[in-house]
Amino acid sequence: MLGYSIIKDYEIDILLEDIYRDYGYDFLQYSRASIKRRINRIMTNDRLASFAELRFALKDNSEFLQHFVEEITVNLTEMFRDPLFFRQLREEILPQLGTYPLIRIWIAGCSTGEEAYSMAILLKEANLDHKSLIYATDINPRVLETARNGVYPLSQIKTYSENYIESGGKQDFSSYYTANYELAKFNAELKRKMILSTHNLVSDTSFNSFQLILCRNVLIYFNKDLQERVFKLFDASLENLGYLALGSKETIRFSTIQHNFIAVGDQKIWKKLYPLQDRSI
């Protein structure tokens, strides 16, 4: 029986340097425990017996490189994940954003798009979809294809529907998709104001100004230095009085931007304040 070696820390350093130098993907500051676990899973699933074999595959096979990036960056997601978070968006945040003539929302690290469709449904039910734009981005182009298609396993719809109801949804959730065999395709109108594109939180810059930024369950895979870099990117991208939303295990506490924000409720949502010198206005 073929044995698979466990990759060593110094080998991870070499591998990540290779990938950054040769292809521009910067995973050097990702959480080491997470990335080691995912690399070992790749080696086992792809039957790679040694670090040398893995390194050769990455240098010699562009398809394997894409597969590697997908496995390293994949994030589990579902529609209306953490329903109380979406209830707060529905009841407290969207009414505030509704006062703007145009609402720009950035979902950073959108993965396969379930959160983007959840947001589209919230906006539709708040009658704000006509003046909203959702920018959904991810480093991984293949998961963005799933988001563009809006097709998900029918087996997951029961969970999505339960989450939707718990989030305060009052409509018939089945009105938002069409079931076909074992798949559910979400209505095309939900992505009418949705812009899907690749964006690397590690190396890319701000590309617009937003009233709401969601980046949930992504930063837990980054180390403190990289989290700080991303927080500064979000701060630069968010308008004054805009909102930043993170995952349940993520926080801006102890970051250099924390003094620019105030917590809103208990669902990891923060409101950006005016600069200190302007707060009396």
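For the structure, see preceding data.
This report concerns the structure included in the present document. On a predicted model such as this, the values are computed, not experimentally measured, just so you know.

1. Re the packing of aromatic side chains
For the structure on display, the rule yields 19 aromatic pairs. Measuring from centroid to centroid gives 6.1 Å for Tyr117 and Tyr152, while their planes differ by 80°, and the two rings are edge-to-face. Residue Tyr117 is found in helix α6 (residues 114-125), and its partner Tyr152 is found in strand β3 (residues 151-153); the two are separated by 35 residues along the sequence. Sitting over the face of the ring of Phe85, Arg216 holds its NZ or CZ atom 3.9 Å from the ring centroid.

2. Here we look at the pattern of salt bridges
A side chain with one charge can pair with a side chain of the opposite charge if their charged atoms come near. Per the counting criterion, the structure on display carries 16 salt bridges. For the salt bridge of Asp22 with Lys59, the shortest nitrogen-to-oxygen distance reads 3.1 Å. Note that Asp22 is positioned in helix α1 (residues 9-23) and Lys59 in helix α3 (residues 51-60), a separation of 37 residues in sequence. Under the relative-accessibility criterion, Asp22 is labelled partly exposed at 35%. For Lys59, a relative accessible area of 43% puts it in the partly exposed group. Glu162 is the salt-bridge partner of Lys158, the closest N and O atoms lying 2.5 Å from each other.

3. Regarding the sheet that holds strand β9 (residues 261-263)
Taken in spatial order, the seven strands make up an open sheet running β6-β2-β1-β7-β8-β10-β9, and their pairing is mixed. The two strands at the open ends of the sheet, each matched to only one other strand, are β6 (194-198) and β9. The sheet shows a mean angle of 20° between the axes of neighbouring strands, taken without regard to direction. Looking at chain direction, strand β8 (residues 238-246) and strand β10 (residues 269-272) are connected through three bridges and run antiparallel. Following the sheet pairing, Tyr243 is matched in β10 by Lys271. α6 contacts β1 (103-108), β2 (132-138), β6 and β7 (210-215) of the sheet and is inclined by roughly 170° relative to β2.

4. Side note on α3
Every buried residue of α3 is listed here: Phe51, Leu54, Ala57 and Leu58. Buried residues of α3 fall within an arc of 125° about the axis and therefore sit on the same side. Facing away from the buried side of α3 by more than 90 degrees, the exposed set consists of Ala52, Phe56 and Asp60. Against the buried residues of α3 lie α1, α2 (32-45) and α4 (62-73).

5. Focus on the environment of Ser118
Following the sequence through the fold, Ser118 ends up in helix α6. The buried category is assigned to Ser118, whose relative accessible area is 0%. The contacts of Ser118, once residues within four sequence positions are left out, are Met79, Phe80 and Phe86. Among the polar contacts made by the side chain of Ser118, one reaches the main-chain carbonyl oxygen of Glu114 at a distance of 2.8 Å.

Criteria and thresholds
Residues numbered from 1 in each chain as written. Predicted model: local features only at pLDDT ≥ 70, side-chain atom pairs only at ≥ 80, totals over all residues. Heavy atoms only, no water. Phe/Tyr/Trp six-rings, centres within 6.5 Å; stacked < 30°, edge-to-face > 60°. Helix = DSSP H or I, 4+ residues; strand = E, 2+ residues; numbered from the N terminus. Lys NZ or Arg CZ within 6 Å of the ring centre and 35° of its normal. Salt bridge = Lys/Arg side-chain N within 4 Å of Asp/Glu carboxyl O. Buried < 20%, exposed > 50% of the residue type's maximum accessible area, 1.4 Å probe, protein only. Pairing = 2+ DSSP bridges. Axes fitted to C-alpha atoms, helices over the stretch in contact; angles between N-to-C directions. Contact = heavy atoms within 4.5 Å. Arc of directions from axis to C-beta. Polar contact = N/O pair within 3.5 Å; in protein donor to acceptor, adjacent residues only side chain to side chain.

In short, the description is geometric, and any link to function would need to be established separately.
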